[in-house]
Amino acid sequence: MLQIIRGNIVDLPINSSLSYYWCSGFMISGFLIIQIISGIILSLLYVADVNLSFPCIMELTNDSLFSWCVRYIHIWSVSFIFIVFSIHMGRALYYSSYTKVPVWNVGFILYLIMMVEAFLGYILPWHQMSYWAATVLTSVVQSIPFVGLKLYNFIVGGFSVTNVTLMRVFAAHVVLAFVIIGLSVIHLFYLHKTGSNNALFAPSGYTDAVYFHSYYTNKDFYCLMLLYFICLFFIFYTPDLVLDAEAYLQADPLVTPASIKPEWYFLLYYAMLRSVSSKIGGLILVIVFLGVLWIPTSNYACCYFLSRQILFWFIVVLIILLSYLGGCHPEPPYVFISQLGSFLIVVALIIYKFFWNFNLSY
């Protein structure tokens, strides 16, 4: 066991040209550990019941400093995970790290499951926005041809979002946490098996190698501690920055919020869903976007082509724009801009993934 740990952490050969962008994976793992610990504590205090969940959450928030800290650490860690995950995937796209197919495939599945896990956790407080977000998303599932109705009944456990749905969401939220841990280990296994990509996109990444410890452990822990302090600053200075005002109102099926919107890390997909008039059309658009984003083609890194760099940053701008539009009311001109942005981002991703290819036999 000690030999395995030493071979994968201490004496692991790593290319010496890796920058701080390669620290993002370790930072995600650091925040996942915080999420697991705080999640275990919250799961022991939480009550999965439509009549008791919201009062339970409010009691956790107001009862003691310890429970308040645990809850807000859990809330803010999710945001930091998706911030770092965005940087992690952006670096992989910029330097074409998806050419390492096993690592990319497991990492992309991990990203999808993390989004599901985050959405399930968003439903658990059972406030106005979480209830109506669950109602809107499950209605999209219901629009799937042939299997939509059966899938909807399986997810919600009836004809609408009820107490059965909340209990299923809580159970799935707990189980998926362990799935994420397992996939993270598999992702790390394939990464160490194939080796990390490097900023120069050199075919043999270990031609100029250093040991992981202490050169990269110092960099990783420095970045992680810096992010921990930034996270703590936001928790104690402006804890409700990532929460909607509806988060302090108990779910009421008879009162629809003036504007239904999910957490900020789902706004991109929410804007794409709303850009198509039919629910199934919006779902197809999101699936196409994720499919093109996933395809592991054989491209050169952006650092060798100015045109590819411009296209990459154009995609980044579109992602930020659509995320902003996802939080706006579905009215002109926001709807038209969302439609245009959704079309452009899919086309730009197709060009980005299928041009600037190299021969795999190189």
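Residues numbered from 1 in each chain as written. Predicted model: local features only at pLDDT ≥ 70, side-chain atom pairs only at ≥ 80, totals over all residues. Heavy atoms only, no water.

(A) Region of the structure containing unusual backbone geometry. P333 follows P332 through a cis peptide bond whose omega is 0°. Looking at where P333 falls in the secondary structure, it is placed in the loop between α12 (306-326) and α13 (334-354). Here the phi dihedral of S96 falls at roughly 55°; this positive angle occurs in a residue that is not glycine. On the secondary structure map, S96 appears in the loop between α4 (65-94) and α5 (101-123). Judged by relative accessible area, S96 falls into the buried class, the value being 0%. Its identity is not glycine, yet W126 carries a phi of approximately 60°, on the positive side. Tracing the sequence through the fold places W126 in the loop between α5 and α6 (128-142). (Helix = DSSP H or I, 4+ residues; strand = E, 2+ residues; numbered from the N terminus. Buried < 20%, exposed > 50% of the residue type's maximum accessible area, 1.4 Å probe, protein only.)

(B) Spotlight on the packing of helix α10 (residues 267-274) against α12. As a packed pair, α10 and α12 sit with axes 7 Å apart at the nearest point and diverge in direction by 75°. In terms of axis orientation, α10 runs roughly perpendicular to α12. Taking contact as the criterion, the partners of L267, L268, Y270, A271, M272 and R274 in α10 are, on α12, I319, L322, S323, L325 and G326. Its residues placed into classes, the contact of α10 with α12 shows eight nonpolar, two polar and one charged. (Axes fitted to C-alpha atoms, helices over the stretch in contact; angles between N-to-C directions. Parallel < 35°, antiparallel > 145°, perpendicular 65-115°, else oblique. Contact = heavy atoms within 4.5 Å. Nonpolar A, V, L, I, M, F, W, Y, C, P; charged D, E, K, R; others polar.)

(C) Quick peek at the environment of A245. Along the chain, the position of A245 falls in the loop between α9 (212-237) and α10. With a relative accessible area of 63%, A245 lands in the exposed category. C-alpha separation for the pair A245 and I113, spaced 132 residues apart in sequence, amounts to 27 Å.

(D) Representation of the nonpolar core within the structure. Residues F82, M114, Y269, M272, F289, I345 and Y352 are the most contacted members of the largest nonpolar core, which totals 100 residues. In terms of domain composition, this core takes at least three residues from each of domain 1 (1-197 + 209-260) and domain 2 (261-356). The contacts of F289, once residues within four sequence positions are left out, are L268, Y269, M272, I345, V346 and L349. (Core = buried A, V, L, I, M, F, W, Y, C linked by side-chain atoms within 4.5 Å. Domains from an automatic or database assignment.)

(E) Local environment of a nonpolar patch on the surface. On the surface, L65, F221, M225, F229, L232 and F236 cluster together into a nonpolar patch covering about 650 Å² of accessible area. The topology assignment puts F221 in helix α9. The exposure class assigned to F221 is partly exposed, which follows from its relative accessible area of 46%. (Patch = residues over 30% accessible without salt bridge, like charges linked within 9 Å, V, L, I, M, F, W, Y side chains within 5 Å. Areas by Shrake-Rupley, 256 points an atom, 1.4 Å probe, with all protein chains shown as cover. Salt bridge = Lys/Arg side-chain N within 4 Å of Asp/Glu carboxyl O.)

(F) Region of interest: the domain arrangement of the protein. Considered domain by domain, the protein is made up of domain 1 (1-197 + 209-260) and domain 2 (261-356). Domain 1 and domain 2 are separated by 22 Å when their C-alpha centres are compared. Each side of the interface is counted separately: domain 1 has 33 residues, and domain 2 has 30 residues. A combined buried area of about 2,800 Å² lies between domain 1 and domain 2, and 68% of that area is made up of carbon and sulfur atoms. (Buried area = accessible area lost by both parts, 1.4 Å probe.)

(G) View of the packing of aromatic side chains. Counted under the stated rule, the structure contains 31 aromatic pairs. Where W68 meets F236, the ring centres are 5.9 Å apart and the plane angle is 40°; that geometry is what we call tilted. Separated by 168 residues along the polypeptide, W68 in helix α4 and F236 in helix α9 bring together distant segments of the chain. On the accessibility criterion, W68 (17% relative accessible area) is buried. What makes F236 exposed here is its relative accessible area of 53%. Each ring, one from F108 and one from Y111, has its centre 6.2 Å from the other, and the planes form 50°; the classification is tilted. Taken as a pair, F108 and Y111 lie in helix α5 at a separation of three residues, close to a single helical turn. The burial state of F108 is the same as that of Y111; both residues are buried. (Phe/Tyr/Trp six-rings, centres within 6.5 Å; stacked < 30°, edge-to-face > 60°.)

(H) Examining helix α3 (residues 53-63) more closely. Three or more residues of α3 are buried, namely S53, F54, C56, I57, M58, L60 and T61. Against α2 (24-45), α4 and α8 (163-194) lie the buried residues of α3.

(I) Structural view of α9. When the terminal C-alpha atoms of α9 are compared, their 36 Å separation across 26 residues agrees well with the 38 Å that a helix rising 1.5 Å per residue should span. Within the span of α9, buried status applies to F212, Y216, T217, K219, D220, C223, L224, L227, C231 and I235. (Expected span 1.5 Å × (residues − 1).)

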